[in-house]
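Here are the chains, one letter per residue:
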Amino acid sequence: MDPIRNPYAPGAGQRPPELAGRDTEVRQFEVVLERVAAGRPERSLVLSGLRGVGKTVLLNTLRSQAIKRAWGTGKIEARPEQSIRLPIAQALHTAMRELGHRHRDEDRVDQFSAVLKAFALRTGAEDRKGIRWHPPVDVAAAKGRADSGDLEMDLIELFTDAADLAGDLSVGAGLFIDEMQDISADDLSALCAACHEISQQSAPLVVVGAGLPHLPAVLSASKSYSERLFRYVRVDRLARDACDRALMIPAESEGVQYDDEALDELYAQTDGYPYFVQAFAHATWDHAPKSPITIKDVSVAAPEASAELTVGFFGSRYERATPAEREYMRAMAELGIGVDDGSVPTSEVASTLNRKPQSLSPARDGLIKKGLVFSAERGTVAFTVPHFGKFLRTRTA
């Protein structure tokens, strides 16, 4: 098959040619956009799931929906140990630029820019490292608005003004946050409080966050009312019919078919995880000599796809871990046999390593900070990457 015509897209956050299995989430967000723009109350949204299930793709798709509705939008990717103040200022500056050129009152736009600048200038020097963006220079910073230094109070005032400006145009403002679990506890608490205030005002501003499976628990620990503040959507692997759509529709656009056995084998190889589906389909296309694609083509391509995942998807993450952290993960992998590499008790990890649980806390905490494992329930840990336990067992063998 012509590799130039290969329709599959195995990339980080790269939208696949067919966004299969996410129709419900897309339709529900259409309702959210309409309700918010109409001044009706609506909750913000949180997407959670393992690595490689398409959270970032879905987040970007929802943002695209908002843009098509003429909303002002901005997006940030949270980073550990970095304040969200400046990234949020940057994101809302982007959102308001999308709205400002359509607003008839330039003074209103300048007033918001002044508040945004005041908010941004409260960022500490340590949180400016690595960020080249600077607040608007053509207006003076406002005084007495979003500049108290208290992030919660400042976010409420900034969000309120952003929502008011969007409301002037009968649309809304959307803040999209990837890797939301990496926001510090204090900043997350302030963000939740601001979302709570905005929701009580029925102001046209929505926050859409995406993160690892323990994100709902992190939010709950931050503010008790966060369980009611957000609508939670678990982004999981694709069902069989959705996986077939993700494979067949792009191929059919190029005049190529799959036989049933090839589809069976691809689902068995990928377990329906969207990133794996794209990786295996991409390799299979390049190896298949002609249409229809057969199970033999899948079998020939599978080692290449697996090798690519071993180096890029699994191996790069493994290399980031310290020796102690790798030992901890290998124990998790051993305990995960037969339970689909789900959650395992930390006490059993300690028992496997013949160590006291307290002595393993640094390794576990380091893995959590690196996004390699998560703890959805107290006393348990699980891998953030599907099939990571299988990879570790193969590597150990």
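The name given to the chain in an unreviewed UniProt entry is ATP-binding protein, with the source organism recorded as Kribbella hippodromi.

Quick look at the sheet that holds strand β8 (residues 380-383) now. The three strands are arranged β6-β8-β7 in an open sheet whose pairing can be described as antiparallel. Unpaired on one side and paired on the other, β6 (344-345) and β7 (373-374) mark the two borders of the sheet. In the sheet, β7 pairs with β8 via two bridges, with the strands oriented antiparallel. Opposite V373, over in β8, you have F383 as the bridge partner. Across the face of the sheet, helix α13 (residues 323-335) comes into contact with β6, β7 and β8 while running at roughly 90° to β8.

What the rule picks out here adds up to 13 aromatic pairs. When the centroid spacing of 5.4 Å and the interplanar angle of 75° are considered together, the rings of F313 and F314 count as edge-to-face. When its relative accessible area of 7% is taken as the criterion, F314 is described as buried. If you follow R85 out to its NZ or CZ, it ends over the ring of F119, 4.6 Å from the centre.

This paragraph deals with the pattern of salt bridges. Here the structure, examined in full by the defined rule, presents 19 salt bridges. In this structure, R5 and E254 form a salt bridge, with 3.0 Å as the shortest nitrogen-oxygen distance. Residue R5 is located in the segment before α1 (23-37), and its partner E254 is located in the loop between α9 (240-252) and α10 (260-270); the two are separated by 249 residues in the primary sequence. Note that R145 and E157 form a salt bridge whose closest N and O atoms lie 4.0 Å from each other. One end of the pair, R145, is in the loop between α4 (106-121) and α5 (151-167); the other, E157, is in helix α5, and 12 residues separate them in sequence. Look at the salt bridges and you will find they share partners, linking E18, D23 and R245 into a network.

All right, on to the packing of helix α6 (residues 185-201) against helix α7 (residues 215-222) then. Where α6 meets α7, the axes come as close as 9 Å, and the angle between the chain directions of the two elements is 80°. In terms of orientation, α6 lies roughly perpendicular with respect to α7. Between α6 and α7, the residues in contact are A185, L188, S189 and C192 and V218, L219 and S222, respectively. Residue classes in the contact of α6 with α7 are distributed as five nonpolar, two polar and no charged.

The next subject is the state of the cysteines. Within this structure, the stated rule accounts for zero disulfides. Free of any disulfide, C195 has its nearest neighbouring cysteine sulfur in C192, separated by 6.4 Å. When its relative accessible area of 5% is taken as the criterion, C195 is described as buried.

We now examine helix α11 (residues 274-287). Between the first and last C-alpha of α11 there are 20 Å, a value that for 14 residues agrees with the 20 Å anticipated at 1.5 Å per step. The element α11 is extensively covered by neighbouring structure, given that 10 of its 14 residues are classed as buried.

Another aspect to go through is the packing of α9 against α11. Put simply, α9 and α11 touch, their axes get as near as 11 Å, and they point 35° apart. By crossing handedness, the relation of α9 to α11 is classed as right-handed. Facing α9, whose interface residues are C243, A246, L247 and A251, α11 presents V277, Q278, A281 and W285. Across the contact of α9 with α11, the residue classes break down as seven nonpolar, one polar and no charged.

Let's shift gears to the pairing of strand β4 (residues 205-211). Of all seven residues in β4, seven are buried, a share of seventy percent or more. The alternating pattern of β4 places L205, V207, G209 and G211 and V206, V208 and A210 on opposite faces, both of which are buried. As defined by bridge partners, strand β1 (residues 44-48) adjoins β4 across four bridges and the pair is classed as parallel. Note on β4: the bridge partner recorded for V46 is G209. Pairing of strand β3 (residues 173-178) with β4 involves five bridges; the strand directions are parallel.

So, on to the sheet that holds β3. Strand pairing in a sheet is mediated by backbone hydrogen bonds. Such pairs are either parallel or antiparallel. Spatially, β2-β3-β4-β1-β5 is the arrangement adopted by the five strands of the open sheet, whose pairing is parallel. Only two strands of the sheet have a single neighbouring strand rather than two, namely β2 (72-77) and β5 (230-234). The average undirected angle you get between the axes of adjacent strands in this sheet is 15°. In this sheet, β5 lies alongside β1 in parallel orientation, the contact comprising five bridges. When the sheet's bridge partners are listed, L45 is paired in β5 with R231. Against the sheet, α7 contacts β1, β4 and β5, and its axis sits at roughly 135° relative to β1.

Rules behind the numbers
- Residues numbered from 1 in each chain as written.
- Predicted model: local features only at pLDDT ≥ 70, side-chain atom pairs only at ≥ 80, totals over all residues.
- Heavy atoms only, no water.
- Pairing = 2+ DSSP bridges.
- Helix = DSSP H or I, 4+ residues; strand = E, 2+ residues; numbered from the N terminus.
- Contact = heavy atoms within 4.5 Å.
- Axes fitted to C-alpha atoms, helices over the stretch in contact; angles between N-to-C directions.
- Phe/Tyr/Trp six-rings, centres within 6.5 Å; stacked < 30°, edge-to-face > 60°.
- Buried < 20%, exposed > 50% of the residue type's maximum accessible area, 1.4 Å probe, protein only.
- Lys NZ or Arg CZ within 6 Å of the ring centre and 35° of its normal.
- Salt bridge = Lys/Arg side-chain N within 4 Å of Asp/Glu carboxyl O.
- Parallel < 35°, antiparallel > 145°, perpendicular 65-115°, else oblique.
- Nonpolar A, V, L, I, M, F, W, Y, C, P; charged D, E, K, R; others polar.
- Disulfide = S-S within 2.5 Å.
- Expected span 1.5 Å × (residues − 1).
- Left-handed = near helix turned anticlockwise from the far one by under 90°.

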